[in-house]
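What follows is the residue order along each chain.
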Amino acid sequence: MAMQPTGNQRESEASTEQLKNDLRQLSQTVEELVKATSDDSRGHISEARERAQQRLNETRAKLEARSEKVYESAREQMDCCDRYVRENPWTSIGIGAGVGVVIGLLIGRR
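Residues numbered from 1 in each chain as written. Predicted model: local features only at pLDDT ≥ 70, side-chain atom pairs only at ≥ 80, totals over all residues. Heavy atoms only, no water.

1. A word on the overall build of the chain
We count it as follows: Comment: elements are numbered from the N terminus, with helices defined as DSSP H or I runs of at least four residues and strands as E runs of at least two. Buried residues are those whose accessible area, probed at 1.4 Å on protein chains only, stays under 20% of the maximum for their type, while exposed residues exceed 50% and partly exposed ones sit between those limits. Throughout, a residue-residue contact means that at least one pair of heavy atoms, one from each residue, lies within 4.5 Å. Accessible surface area values rest on a Shrake-Rupley calculation with a 1.4 Å probe, where residue burial reflects the displayed protein chains alone.
Scanning the chain from terminus to terminus reveals three helices and zero strands. Counting helices and strands in the order they occur from the N terminus, the chain gives α-α-α. For the chain, the proportion of its 110 residues judged to be buried stands at 10%. For the chain, the share of sequence-separated contacts (at least 6 apart) that also reach a separation of at least 24 residues comes to 45%. Carbon and sulfur atoms form 56% of the exposed surface of the chain, whose accessible area is close to 9300 Å².

2. Quick word on a negative patch on the surface
Spelled out, the test is: For patch detection, residues must exceed 30% relative accessible area and be free of salt bridges, and they are connected within 9 Å for like charges or within 5 Å for nonpolar side chains (Val, Leu, Ile, Met, Phe, Trp, Tyr). Within this document, salt bridges are pairs made up of a side-chain nitrogen of Lys or Arg and a carboxyl oxygen of Asp or Glu, the two lying within 4 Å of each other. Only four residue types enter the charge count: Lys and Arg as positive, Asp and Glu as negative, with His and the chain ends excluded. Here the site of a charge means NZ on Lys, CZ on Arg, CG on Asp, or CD on Glu.
Side chains of Glu-64, Glu-68, Glu-72, Glu-76 and Asp-79 sit close together on the surface and give a patch of like negative charge. On the secondary structure map, Glu-64 appears in helix 2 (residues 42-87).

3. Observations concerning a nonpolar patch on the surface
Residues Tyr-84, Val-85, Ile-95, Val-99, Ile-103 and Ile-107 make up a contiguous nonpolar surface patch of roughly 530 Å² in combined accessible area. At the level of secondary structure, the elements contributing two or more residues to the nonpolar patch comprise helix 2 and helix 3 (89-109). Looking at the nonpolar patch, the element that brings in the most residues is helix 3, giving four residues. Residue position: Tyr-84 is located in helix 2. Residue classification places Tyr-84 among the partly exposed residues on the basis of a relative accessible area of 37%.

4. Some words on the pattern of salt bridges
This structure, assessed with the given rule, holds one salt bridge. Measuring nitrogen to oxygen at the nearest pair gives 3.0 Å for the salt bridge that ties Asp-82 to Arg-86. Of this pair, Asp-82 and Arg-86 both sit in helix 2, separated by four residues, roughly a single helical turn. Classification of Arg-86 as exposed rests on a relative accessible area of 65%.

5. Re the packing of helix 2 against helix 3
Quick reminder of the rule: Comment: axis = line fitted to C-alpha atoms, over the contacting stretch for helices; angle = value between 0 and 180 degrees taken between N-to-C directions. The labels follow the angle: roughly parallel below 35 degrees, roughly antiparallel above 145, roughly perpendicular from 65 to 115, and oblique for the rest. Residue polarity is assigned by list, with Asp, Glu, Lys and Arg as charged and Ala, Val, Leu, Ile, Met, Phe, Trp, Tyr, Cys and Pro as nonpolar; anything else, Gly included, falls into the polar class.
Viewed as axis vectors pointing N to C, helix 2 and helix 3 meet at an angle of 110°, and their least axial separation amounts to 5 Å. Here helix 2 lies roughly perpendicular to helix 3, going by the angle between them. Taken together, the residues of helix 3 that come into contact with helix 2 (itself represented by Tyr-84, Val-85, Arg-86 and Glu-87) are Pro-89, Thr-91, Ser-92 and Ile-95. When grouped by side-chain class, the residues that make up the contact of helix 2 with helix 3 number four nonpolar, two polar and two charged.

6. Brief notes about helix 2
Let me state the cut-off plainly: Helices are assigned an expected span. That span is 1.5 Å times one less than the residue count.
Across its 46 residues, helix 2 extends 67 Å between first and last C-alpha, which sits within 8% of the 68 Å expected from 1.5 Å per residue. Residues of helix 2 that are buried: Ile-45, Ala-48, Ala-52, Thr-59 and Arg-66.

7. Comments concerning the environment of Thr-29
As for its placement among the helices and strands, Thr-29 is situated in helix 1 (residues 7-38). C-alpha of Thr-29 to C-alpha of Ala-52: the two residues are 23 residues apart in sequence and 5.4 Å apart in space. If we skip the residues at most four places from it in the chain, Thr-29 touches Ala-48, Arg-51, Ala-52 and Arg-55.

Okay, structure coming up:
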């Protein structure tokens, strides 16, 4: 049975695709800049440099925004986990012990 992606997962996937697209565009602009610098025309170099700088700034801003979202999401998940462990200490100990046994069995097979 396949699990359906949650809203956060879909948002994360869309954000990742957008980031990949932005990085592709930045790469193309940098390639244009390299090609323009091989041509000695100063006008082309200036235009390509401005486009590259603009795309670099846009991509950097998007990366920073994305990292903030990832940090907030991780923080929320850690808080949720911490709250669960505090509310259910014995269940948490049992889960930890079970995971430890499984890892021990897997390591012991090697």
